[in-house]
Amino acid sequence: MTSTGEAVQFWILAVIAVGGALGMLLLKKAVHSALCLAATMLALAVCYMAQGAVFLGVVQIVVYTGAIMMLFLFVVMLVGVTSADSLKEQLKGQRIAAVLCGLGFGVLLIAGIANAHLSHFTGLGEANAEGNVQGLARLIFTKYVWAFEVTGALLITAAIGAMVLTHREHVKAPATQRELAAQRVKDNLQVPPLPAPGVYARHNAVDVPALLPDGTVAEDSVMGTLRERGQIRDVSQDMLRRMAELEGNTAEWLGRAPSARPAVTGPRREELASASNGKASNGKEESE
């Protein structure tokens, strides 16, 4: 008979395990799927310990959840795998093959469970009479030794196959820096170095673009990621305002009217004029 505490524990852990399994399959982000799988593994480990399989529960936490699952999670977070990457099918027909294999495995699992029958229930006390670790070792290396060896061979084969598939050999030697530079000149690409971030050495932040001699913003001075995110700080207007103030102070110190200053030509003329008008309007408001 199952006690009330065991029944409550089972239903709580069962909901967590099934919910984590469904979340692993349905969530789009790989990091969220990995976290759901880790929650499922922890729930199963507690179930194992509650049933008296202490060794199996500890192995479930230390090996699978603590080592393999966390390593996979860290790799996903460092590499930055997104849901868009999973939509690219590298092998033709792999989705159809995966569906067929899943259906076949499901049929075998249902057939095995339907034909299973137990005539005698041993119980936890009798199963762990000689110790949980000793009883598990006796079953693995005596009654189920063939299944254990076959599983080990499959895992080793899978590890070797993964290393072989991920290994790539260079067909030819990689291009040197001189060859890359010559290719850029031949293709008429960006030959000189890109402009450095900052504005006239007044800013050295990576999100502040440099200004070209005509006052326009050099977009190539900021990395493409910040441009796509719209995280670029445009301080060109501030620089133009400072230049207008400097020219006004210089004209005042020289004792000439601002209109007597040499006319500004080029793309900055309208911007400098608007900056000067803004300064004049601010001074008029302060005087009033």
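Residues numbered from 1 in each chain as written. Predicted model: local features only at pLDDT ≥ 70, side-chain atom pairs only at ≥ 80, totals over all residues. Heavy atoms only, no water.

A.B. asks: Give a detailed account of the overall build of the protein chain, specifying residues and quantitative values.
C.D. replies: Summing up its helical and strand segments, the protein chain has 12 helices and two strands in all. Listing every helix and strand of the protein chain by position from the N terminus yields α-α-α-α-α-α-α-α-α-β-β-α-α-α. Buried residues in the protein chain amount to 15% of all 288 residues. Once local pairs closer than 6 in sequence are excluded, the contacts in the protein chain between residues at least 24 apart make up 46%. (Helix = DSSP H or I, 4+ residues; strand = E, 2+ residues; numbered from the N terminus. Buried < 20%, exposed > 50% of the residue type's maximum accessible area, 1.4 Å probe, protein only. Contact = heavy atoms within 4.5 Å.)

A.B. asks: Just give me the short version of the nonpolar core, but keep the residues and values in it.
C.D. replies: Formed by Ala34, Ala38, Met41, Met69 and Leu73, the largest nonpolar core amounts to five residues. Going through the elements one at a time, α2 (30–50) and α3 (54–79) are the ones with two or more residues in this core. Of the residues forming this core, the biggest block, three residues, is contributed by α2. Leaving out residues up to four positions away in the same chain, Ala38 has contacts with Thr65, Met69 and Met70. (Core = buried A, V, L, I, M, F, W, Y, C linked by side-chain atoms within 4.5 Å.)

A.B. asks: Which residues make up the side chain of Ser33, and what values go with them?
C.D. replies: Tracing the backbone through its elements, the reader meets Ser33 in helix α2. Excluding residues within four positions of it along the chain, Ser33 makes contact with Gly23, Met24 and Leu27.

A.B. asks: Can you break down the confidence of the model for the protein chain residue by residue, with the values?
C.D. replies: Looking at the protein chain as a whole, its pLDDT mean stands at 76, while 73% of the residues score no less than 70. Within the protein chain, helix α4 (residues 83–86) has the poorest average pLDDT of any element, 50, and helix α1 (residues 4–26) the best, 88. (pLDDT = per-residue confidence, 0-100.)

A.B. asks: Explain the packing of aromatic side chains to me, using residue names and the numbers behind them.
C.D. replies: In total, this model carries two aromatic pairs according to the counting rule given. Between Phe10 and Trp11, the aromatic rings sit 5.5 Å apart at their centres with planes inclined by 70°, giving edge-to-face as the arrangement. By relative accessible area, Phe10 is classed as partly exposed at 47%. With centroids separated by 5.5 Å and ring planes inclined at 65°, the aromatic side chains of Phe141 and Phe148 adopt a geometry described as edge-to-face. (Phe/Tyr/Trp six-rings, centres within 6.5 Å; stacked < 30°, edge-to-face > 60°.)

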